[in-house]
Amino acid sequence: MKIADAKVIVCSPGRNFVTLKLVTEDGLYGLGDATLNGRELAVASYLNDHVLPTLIGADARRIEDTWQLLYQGAYWRRGPVTMAAIAAVDTALWDIKAKSLHVPLYQLLGGASREHVLVYGHASGDGIEDAVKAVADYLALGYRAIRVQCAVPGLPGTYGVGGGKLFYEPAARHAPPVNIWSSERYLEFVPRLFARLRQEFGPDPHLLHDVHHRLTPIEAARLGKSLEPYHLFWLEDPTPAEVQARFRLIRQHTTTPLAVGEVFNTIYDCHQLLEERLVDYIRATVVHAGGISHLRKIAALAELHQVRTGCHGATDLSPVCMAAALHFDLSVHNFGIQEYMRHSSDTDRVFPHQYRFEAGALHPGNAPGLGVDIDETLAAQFPYQRAYLPVNRLQDGTVHSW
Ligand code: EZ4
Ligand code: CO
């Protein structure tokens, strides 16, 4: 079963997506997501200029061997561009293998470990009462777990405030938007937000919050401690994780569960966090962490240390990645939760998919392979548009993590 054709499809049905399509000599094809928000064409070039010429004629059945060849064979290791490209190849090969065996992918990953996959949605507001209303709307849609972000009084453009839509779109065309940040104001505000939410909704709904890498470890410790009465499902990315040992300090001070890793691209980014049990959920996902093959290794290490998965699933991860993540989520024993931001209707039309939302959960469906396709004719009607993620500055102008 040789790979006969390979192409990268770049389209922008509401936002940019990079999709790899591998076709075998038997006429089967597989898809892989290669989208890296704000740096899309770098991955497209990595695939087109360097990887795809080496894949033509290769055996599509040798998934692990291909992964090792692309990882070790490049000599230059890790990094988001490389790993997104490898992820796309890996995902497309798993799609092909499952299609060739006429089974949904999760059957090849050990079969279903659960009936469906618990997901969380994104509620946000320009003020506390707006956020309360947004959470009520999500509960009415059947969600049982909800991430809540809210504009911090006195700060323009707080992360995660989506303007009442079911998705939050941070990337903007032409130039990076500039947000303004104050950790002092944020730390004073967030406990009041969650106090109000628990007062309104009681103990049942799972509530999550994303700090988006903005605090120092001791500030994060203070926030975790002050949120303990409101028992969050998780507090996400409290501090940047390039230095994994930073999380020891946070851990010494709070029992609020921590989730980290949406920007991780290999097991080497998180082995210490897992081995020292410094986090409770690992957020690495298919497209940015080397595909299904590598993500399974991360999950296996996490399982050893009682850390559960919580795959990234924002709108910039395409329906191809979402489908792949759902097969993974359904199969691994230590699944925790899946992020699920809805896509625009144009995106859903370009990527017809089998996965379905019901009662706060998703199921990947039982079509052979990933259960997701791409309408290439329609995709061609949405050409690439350069876009940038925002940048963040403190009130005095200093650059800060966005
Ligand atoms: O900002 O995916 O938890 N979700 C997130 C996302 C990220 C975007 C970046 O491309 O933090 O919304
Ligand atoms: Co996040």
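Numbers given for residues are sequential positions, taken from 1 along each chain in its written order. The naming scheme follows written order: chains are lettered A onward, ligands numbered 1 onward. For a predicted model such as this one, the threshold for reporting local features is a pLDDT of at least 70, and the threshold for listing and counting side-chain atom pairs is 80 or more; totals across whole chains, interfaces and linings nevertheless cover every residue. Side-chain numbers here rest on the full set of heavy atoms in the structure, without hydrogens or water.

Engineer: Please set out the overall build of the protein residue by residue, giving values where relevant.
Structural biologist: Each helix and strand counted, the protein has 13 helices and 18 strands in total. Here the C-alpha radius of gyration of the protein, 20 Å, is about what a compact globule of 402 residues would show, namely 21 Å. Summarising its shape, the C-alpha atoms of the protein cover approximately 60 × 45 × 45 Å along the three principal directions. Split into buried and exposed, the 402 residues of the protein put 58% on the buried side. Put simply, of all contacts in the protein between residues at least 6 apart along the chain, 73% involve residues at least 24 apart. Surface exposure here means Shrake-Rupley accessible area, sampled with a 1.4 Å probe, where a residue is shielded only by the protein chains that are shown. When the accessible surface of the protein is summed, it comes to about 15,800 Å², and 52% of that surface belongs to carbon and sulfur atoms. The charged-residue count follows a simple rule in which Lys and Arg add positive charge and Asp and Glu add negative charge, with His and chain termini not counted at all. Just so you know, the charge point we use is NZ for Lys, CZ for Arg, CG for Asp and CD for Glu. A gap of 2 Å separates the mean positions of the 37 positive and 43 negative side-chain charges of the protein. Segments assigned H or I by DSSP are reported as helices when at least four residues long, segments assigned E as strands when at least two residues long, and all are numbered from the N terminus. Each radius of gyration is computed over the set of C-alpha atoms, and the globule rule expresses the reference value as 2.2 Å times the number of residues to the power 0.38. Under the scheme applied here, a residue whose accessible area is under 20% of the maximum for its type counts as buried, over 50% as exposed, and between as partly exposed, the area being computed with a 1.4 Å probe on protein chains only. Note on definitions: a residue-residue contact is assigned when non-hydrogen atoms from the two residues lie within 4.5 Å.

Engineer: Go over the coordination of the cobalt ion (ligand 2), please, and point to the residues and values.
Structural biologist: Any N, O or S atom lying within 2.8 Å of the metal counts as a donor, and for Na, K and Ca the limit rises to 3.2 Å; water is left out, so some sites can look incomplete. With distances of 1.9 to 2.2 Å, the protein atoms coordinating the cobalt ion (ligand 2) are Asp-210 (OD), Glu-236 (OE) and Glu-262 (OE). What the six donor atoms of the cobalt ion (ligand 2) show is an angle range of 24 to 175° at the metal, which sorts the shape as irregular. Overall, Asp-210 belongs to the buried group, its relative accessible area being 2%. Only two sets of limits are used to name each site, 85 to 135 degrees for every angle of a tetrahedral four-donor site, and over 155 degrees for opposite donors with all other angles from 65 to 115 for a square planar four-donor or octahedral six-donor site, with any other site named irregular.

Engineer: Tell me what's going on with the pairing of strand β7 (residues 178–181), and back it up with residues and numbers.
Structural biologist: Judged by which residues are buried, β7 turns out to be one-sided: Asn-179 and Trp-181 face inward and are buried, whereas Val-178 and Ile-180, on the alternate face, are not. Pairing between two strands requires that DSSP report at least two bridges joining them. The pairing of β7 with strand β17 (residues 391–394) spans four bridges and is classified as parallel. Considered in β17, the bridge of Asn-179 is made with Asn-392.

Engineer: Can you explain the site of ligand 1? Please cite residues and give values.
Structural biologist: Throughout, the term near means that a residue has one or more heavy atoms lying within 4 Å of the molecule or strand in question. Close contacts around ligand 1 come from 14 residues, with Asn-37, Tyr-159, His-212, Glu-262 and Asp-316 the closest. Asn-37 is positioned with one of its side-chain polar atoms (N or O) 2.9 Å from an oxygen atom of ligand 1. In this structure, Asp-316 approaches ligand 1 through a side-chain N or O atom, which is 2.7 Å from an oxygen atom. A total of 330 Å² of accessible area belongs to ligand 1 in isolation, and the protein chains cover 94% of it. Classes in brief: Ala, Val, Leu, Ile, Met, Phe, Trp, Tyr, Cys and Pro nonpolar; Asp, Glu, Lys and Arg charged; the others, Gly included, polar. Considering only residue class, the shell around ligand 1 consists of four nonpolar, three polar and seven charged. N or O atoms closer than or at 3.5 Å make up a polar contact, with two conditions inside protein: a donor-capable atom paired with an acceptor-capable one, and, for residues adjacent in sequence, both atoms drawn from side chains.

Engineer: An account of the side chain of His-212 is needed here, citing residue identities and associated values.
Structural biologist: Within the secondary structure, His-212 is located in the loop between β8 (206–210) and α7 (217–227). A polar contact is formed between the side chain of His-212 and the backbone oxygen of Trp-402, at a distance of 2.5 Å. Excluding residues that lie within four positions of it along the chain, His-212 makes contacts with Tyr-159, Glu-236, Asp-237, Glu-262 and Trp-402.

Engineer: How would you sum up the pattern of salt bridges? Please name residues and give values.
Structural biologist: Two side chains of opposite charge can pair, provided their charged atoms sit close to one another. Basic side-chain nitrogens of Lys or Arg form a salt bridge, by our definition, when they fall within 4 Å of a carboxyl oxygen of Asp or Glu. Applying the stated rule across the entire model yields 20 salt bridges. The shortest N-O distance in the salt bridge between Arg-196 and Glu-200 comes to 3.0 Å. Here Arg-196 and its partner Glu-200 are both found in helix α6 (residues 183–201), four residues apart, which amounts to about one turn of the helix. The class for Glu-200 is partly exposed, based on a relative accessible area of 42%. One network of salt bridges, with partners in common, ties together Glu-236, Glu-262, Arg-283 and Glu-339.

Engineer: Residue-level account of the environment of Asp-375, with values.
Structural biologist: You can see Asp-375 is positioned in the loop between β15 (361–363) and α13 (376–379). For Asp-375, a relative accessible area of 31% puts it in the partly exposed group. For the pair Asp-375 and Val-117, spaced 258 residues apart in sequence, the C-alpha to C-alpha distance is 26 Å. Residues contacting Asp-375, with those up to four places away along its chain left out, are Arg-349, Val-350 and Pro-352. At 3.2 Å, the side chain of Asp-375 and the backbone nitrogen of Thr-377 are in polar contact.

Engineer: Requested: an account of the sheet that holds β7, with residues and values cited.
Structural biologist: With mixed pairing, three strands are arranged side by side in an open sheet as β7-β17-β18. The strands lining the two open edges of the sheet, one partner per strand, are β7 and β18 (399–400). The sheet contact formed by β17 and β18 spans two bridges and is antiparallel. Pairing of Arg-393 across the sheet is with Val-399, part of β18.

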